[in-house]
Amino acid sequence: MSEKPKGKLALYWAASCGGCDIAVLQIGARILDVAAAFDIVLWPCAADGKVRDVEKMADGEIDVCLFNGGIRTSEQEYMAQLLRRKSKVLVAFGSCAQEGCIPGLANMNNRREIFDSVYKEGSATTPENSDDVRPQPETEMPEGTLHLPVFYDTLKTLNQTVEVDYYLPGCPPEGDMIWTAITAIVEGKLPPPGSVIGANTTVCDECKRTRTEKKIKKFYRTWQIKPDPDICLLEQGLICCGIATRAGCGGLCPEVNSPCIGCHGPNDGVQDYGARMMSALASVIDSDDPEEIEQIIRDGVPDPVGSFYRFSLASSLLRRKKRSTNGNGAAAATKTKAS
Amino acid sequence: MSDDSFEPKIVGFLCNWCSYTASDLAGTARMKYAPNVRIIRVMCSGRVDPTFLLKAFAMGADGVMIAGCHPGDCHYQQQNYKTMRRYAMIEQMLPQMGIERERVKLVWASAAEGQQLAEAIDELSEAVRKLGPLNWSRNWEENGGRIEALEAIVKEHEEALEVQS
Ligand code: SF4
Ligand code: FES
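Residues numbered from 1 in each chain as written. Chains lettered and ligands numbered in written order. Predicted model: local features only at pLDDT ≥ 70, side-chain atom pairs only at ≥ 80, totals over all residues. Heavy atoms only, no water.

*Asks:* Would you mind going over the overall build of chain A in detail, with residue names and values included?
*Replies:* Looking only at helices and strands, chain A features 13 helices and nine strands. Relative to its length of 339 residues, chain A is compact, with a C-alpha radius of gyration of 22 Å against a globular reference of 20 Å. Dimensions of chain A along its principal axes, counting C-alpha atoms only, are 65 × 55 × 35 Å. Among the 339 residues that make up chain A, the fraction classed as buried is 50%. Across chain A, contacts joining residues at least 24 apart in sequence account for 73% of those joining residues at least 6 apart. Just so you have it, chain A exposes about 15600 Å², and 53% of that area is on carbon and sulfur atoms. Distance from the positive charge centre (38 side chains) to the negative charge centre (45 side chains) of chain A: 2 Å. (Helix = DSSP H or I, 4+ residues; strand = E, 2+ residues; numbered from the N terminus. Rg over C-alpha atoms; globule rule 2.2 N^0.38 Å. Buried < 20%, exposed > 50% of the residue type's maximum accessible area, 1.4 Å probe, protein only. Contact = heavy atoms within 4.5 Å. Areas by Shrake-Rupley, 256 points an atom, 1.4 Å probe, with all protein chains shown as cover. Lys, Arg positive; Asp, Glu negative; His and termini not counted. Charge placed at Lys NZ, Arg CZ, Asp CG, Glu CD.)

*Asks:* Explain the sheet that holds strand E3 (residues 63–68) of chain B to me, using residue names and the numbers behind them.
*Replies:* All names here are of chain B. Taken in spatial order, the four strands make up an open sheet running E2-E1-E3-E4, and their pairing is parallel. Each of the sheet's edge strands pairs with one partner strand only, and the pair in question is strand E2 (37–42) and strand E4 (104–108). Geometrically, the sheet is characterised by an average inter-axis angle of 20 degrees between neighbouring strands, direction not taken into account. Pairing analysis gives six bridges linking strand E1 (residues 10–15) to E2, with the strands arranged parallel. Residue pairing in the sheet places Phe-13 in a bridge with Ile-40 of E2. Its contacts with the sheet put helix H3 (residues 79–93) on E3 and E4, and the angle it makes with E4 is roughly 160 degrees. (Pairing = 2+ DSSP bridges. Axes fitted to C-alpha atoms, helices over the stretch in contact; angles between N-to-C directions.)

*Asks:* Summarise the nonpolar core; cite the residues concerned and give the values.
*Replies:* Across soluble globular proteins, you tend to see nonpolar side chains buried next to one another. Core analysis: the biggest nonpolar cluster contains 57 residues, and A:Phe308, A:Tyr309, A:Leu318, B:Leu54, B:Phe57, B:Met93 and B:Leu94 have the highest contact counts within it. Per-element accounting of this core gives the leading share, seven residues, to H3(B). Beyond its immediate stretch of four places on either side in the chain, A:Leu318 contacts B:Leu54, B:Phe57, B:Ala58, B:Met93, B:Met97, B:Ile99, B:Trp136 and B:Trp140. In this structure, A:Tyr12, A:Cys65, A:Ile71 and A:Ala80 belong to the second largest nonpolar core, which totals 29 residues. (Core = buried A, V, L, I, M, F, W, Y, C linked by side-chain atoms within 4.5 Å.)

*Asks:* Requested: an account of the domain arrangement of chain A, with residues and values cited.
*Replies:* Frequently, the measure chosen for interface size is the accessible area that the parts lose on association. Residues and elements named next belong to chain A. Segmenting chain A into domains produces domain 1 (7–103 + 154–187), domain 2 (112–152) and domain 3 (203–315). Its C-alpha centre places domain 1 at a distance of 28 Å from the equivalent point of domain 2. Across the boundary between the two partners, domain 1 contributes eight residues, which contact five residues of domain 2. Both faces considered, domain 1 and domain 2 share a buried interface measuring about 570 Å² in area, 57% of it formed by carbon and sulfur atoms. Contact with domain 2 buries surface across domain 1, with Arg-72, Thr-73 and Ser-74 losing the most and accounting together for 70% of the total. Our count for the contact surface shared by domain 1 and domain 2 stands at zero salt bridges. (Domains from an automatic or database assignment. Buried area = accessible area lost by both parts, 1.4 Å probe. Salt bridge = Lys/Arg side-chain N within 4 Å of Asp/Glu carboxyl O.)

*Asks:* Describe the interface of chain B and chain A, and please don't skip the residues or the numbers.
*Replies:* Between chain B and chain A, the residue contacts involve 52 residues of the former and 63 residues of the latter. Carbon and sulfur atoms make up 58% of the surface buried where chain B meets chain A, a total of about 5000 Å² over both sides. The largest per-residue losses of area from chain B upon contact with chain A belong to B:Arg85, B:Met89 and B:Gln96, which jointly make up 16% of the total buried on that side. Among the ionic pairs, B:Arg146 bridges to A:Glu77, the shortest N-O distance being 2.7 Å. At the junction of chain B with chain A, the criterion picks out 21 residue pairs in polar contact (both at pLDDT 80 or more). When contributions to the side of chain B that touches chain A are tallied by element, the ones reaching two or more residues are helix H2 (50–58), H3 and helix H5 (146–159) of chain B. At ten residues, the largest contribution of residues to the side of chain B that touches chain A is made by H3(B). Its residues placed into classes, the side of chain B that touches chain A shows 26 nonpolar, twelve polar and 14 charged. (Polar contact = N/O pair within 3.5 Å; in protein donor to acceptor, adjacent residues only side chain to side chain. Nonpolar A, V, L, I, M, F, W, Y, C, P; charged D, E, K, R; others polar.)

*Asks:* Give me the lowdown on the packing of helix H11 (residues 273–283) of chain A against H3(B), citing residues and values where you can.
*Replies:* The N-to-C vectors of H11(A) and H3(B) enclose an angle of 130 degrees; their axes lie 8 Å apart at closest approach. Considering the angle they form, H11(A) stands oblique to H3(B). Crossing handedness for the pair H11(A) and H3(B): right-handed. Between H11(A), through A:Met278, A:Ser279, A:Leu281, A:Ala282 and A:Ser283, and H3(B), the contact on the second element is made entirely by B:Lys82, B:Arg85, B:Arg86, B:Met89, B:Ile90 and B:Met93. For the contact of H11(A) with H3(B), the residue count by class is six nonpolar, two polar and three charged. (Parallel < 35°, antiparallel > 145°, perpendicular 65-115°, else oblique. Left-handed = near helix turned anticlockwise from the far one by under 90°.)

*Asks:* Tell me about the sheet that holds strand E1 (residues 7–13) of chain A, and name the residues and values.
*Replies:* Sheet strands associate in pairs through backbone hydrogen bonding, adopting either a parallel or an antiparallel arrangement. Residues and elements named next belong to chain A. A sheet is described by the order of its strands in space; here five strands give the open sequence E2-E1-E3-E5-E9, paired in parallel fashion. Of all the strands in the sheet, the pair left with one neighbour each is strand E2 (38–42) and strand E9 (166–168). Within the sheet, the average angular offset between the axes of one strand and its neighbour, ignoring direction, is 25 degrees. With five bridges joining them, E1 and strand E3 (residues 62–68) adopt parallel strand pairing. Pairing of Tyr-12 across the sheet is with Phe-67, part of E3. Sheet strands touched by helix H4 (residues 74–86): E1, E2, E3 and strand E5 (87–93). Its angle to E5, the strand with the most contacts, is close to 135 degrees. Against the sheet, helix H8 (residues 175–186) makes contact with E2, E3, E5 and E9, and its axis sits at roughly 155 degrees relative to E9, the strand it touches most.

*Asks:* An account of the packing of H2(B) against H3(B) is needed here, citing residue identities and associated values.
*Replies:* Residue and element names in this part refer to chain B. Where H2 contacts H3, the axes come no closer than 10 Å and their chain directions differ by 40 degrees. Here H2 lies oblique to H3, going by the angle between them. Here H2 and H3 pass one another in a crossing that is right-handed. Contacts from Pro-50, Leu-53 and Leu-54 in H2 reach Arg-86, Ile-90 and Met-93 in H3.

*Asks:* So what's going on with the environment of A:Tyr167? Which residues, and what values?
*Replies:* All names here are of chain A. Along the chain, Tyr-167 turns up in strand E9. Residue Tyr-167 is classed as buried on the basis of its relative accessible area, which comes to 10%. Each C-alpha atom of the pair Tyr-167 and Pro-142 lies 46 Å from the other, and the pair is 25 residues apart in sequence. Every residue in contact with Tyr-167, bar those within four places of it in the chain, is listed here: Ala-92, Gln-98, Asn-159, Gly-194, Ser-195, Val-196 and Ile-197.

*Asks:* I'd like a rundown of unusual backbone geometry, residues and numbers included.
*Replies:* A:Cys171 connects to A:Pro172 through a cis peptide bond whose omega is -10 degrees. Inspection of the secondary structure assignment puts A:Pro172 in the loop between E9 and H8. Positive phi is not limited to glycine here, since A:Arg319 has a value of about 70 degrees. With respect to the helices and strands, the residue A:Arg319 is situated in the segment after helix H13 (304–308). Using a relative accessible area of 26% as the deciding quantity, one classes A:Arg319 as partly exposed. A positive phi angle, close to 60 degrees, is found at B:Gln77, a residue other than glycine.

Right, here's the structure in full:
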């Protein structure tokens, strides 16, 4: 790897938990090979590069940028645009950048609601804010105007913001997958642009549990039953998302009796992850009676969005919950039958 | 909140073997029904993936209808039971996203039931008209200040003093 002239590598984080940055270290001692092949020009979590230095670079000067996190603020959007311009290859690294992930679940709310819960209602992280002070994008001071990033109503994925060359799935991506991607980039053996770097099968294919016929009379939450360790969890009534989820993790969760929650994102050919899950689950409900079907779903799937769009809401066909400020339609119902 | 000028856009997925023929029959029999449904012919209601429904809404539909053969009469045996279950699942999910349940309708109509189909179309059109337009893509619009903020970052970075190392 080290014979070639050194390339330039940037890593950046936007709306994410920081886990993706840590995941990079999962490649272990091979990080030294990365350091031999690349100068790391920007990695806020671990290295001392400056945005200012990136701004001064020529367009396309960075060989590879691994970008994790979704786009929630104007600052993140600015960095996405900047790094897009300066990088030959831009990789959406991890679920947040690829599909929105957990930060994207806040698309069930808007800016005002999020600020209410963080700055007004108070929680363990915010002391009482009796003056109801909120972040303002602009504050006038004698020295000039101070800016804070503008907070968006809707979290966007990286490719809803700028053009993305490759996707590395996972929350966070697995060390071996990261290494495979880096090697492919260094050796120039990349799949066609726009591809997801990873397997093209589902978690079910990696899962060691025995499957027979799926027929379900009742869905259970994980705490309601003690699942048999050898039989497919879905057949036991647990909502396991292995059927729609891209392989690559090795089926870690079902291996320890925990259903797949879909952190590796949709497999190829799945346009809307939640729709795929709804379709697959509905198909295995063991009833032809409309009322019984409704009952099974009402009791067993009280929160379809949370269960089926946990990682993919921001990249789904609808992207977010209807905003109360939208259109002139009647006020949207917010309650599901179950609640 | 009815707006007189609002004509609901409704997408109808109609099964080739029954409801599609029923809509034909309604047409040839000159039954009057609301002109708001854009019909898409499918080979079976079981072909209607929840993805289609969501895509229709995302692309601007105000309502969606799925119509198939009566339970037990599906040309592909059990498929319309799957439709029934998928529909129940999507009905559970839509209100969470702020889409009223009344914007979707599942209808069983045999090839002879042009009248029933026409009535169902009228009912759905009326329900959707009452609810008003959905305008889904407007949910993605920014909440203001984005362009200005992006420009401000560039300006600030240009004007900031270099830190001497
Ligand atoms: S549904 Fe879950 S438990 Fe069943 S085979 Fe797939 S991954 Fe394994
Ligand atoms: S053939 Fe008409 S619903 Fe299946």
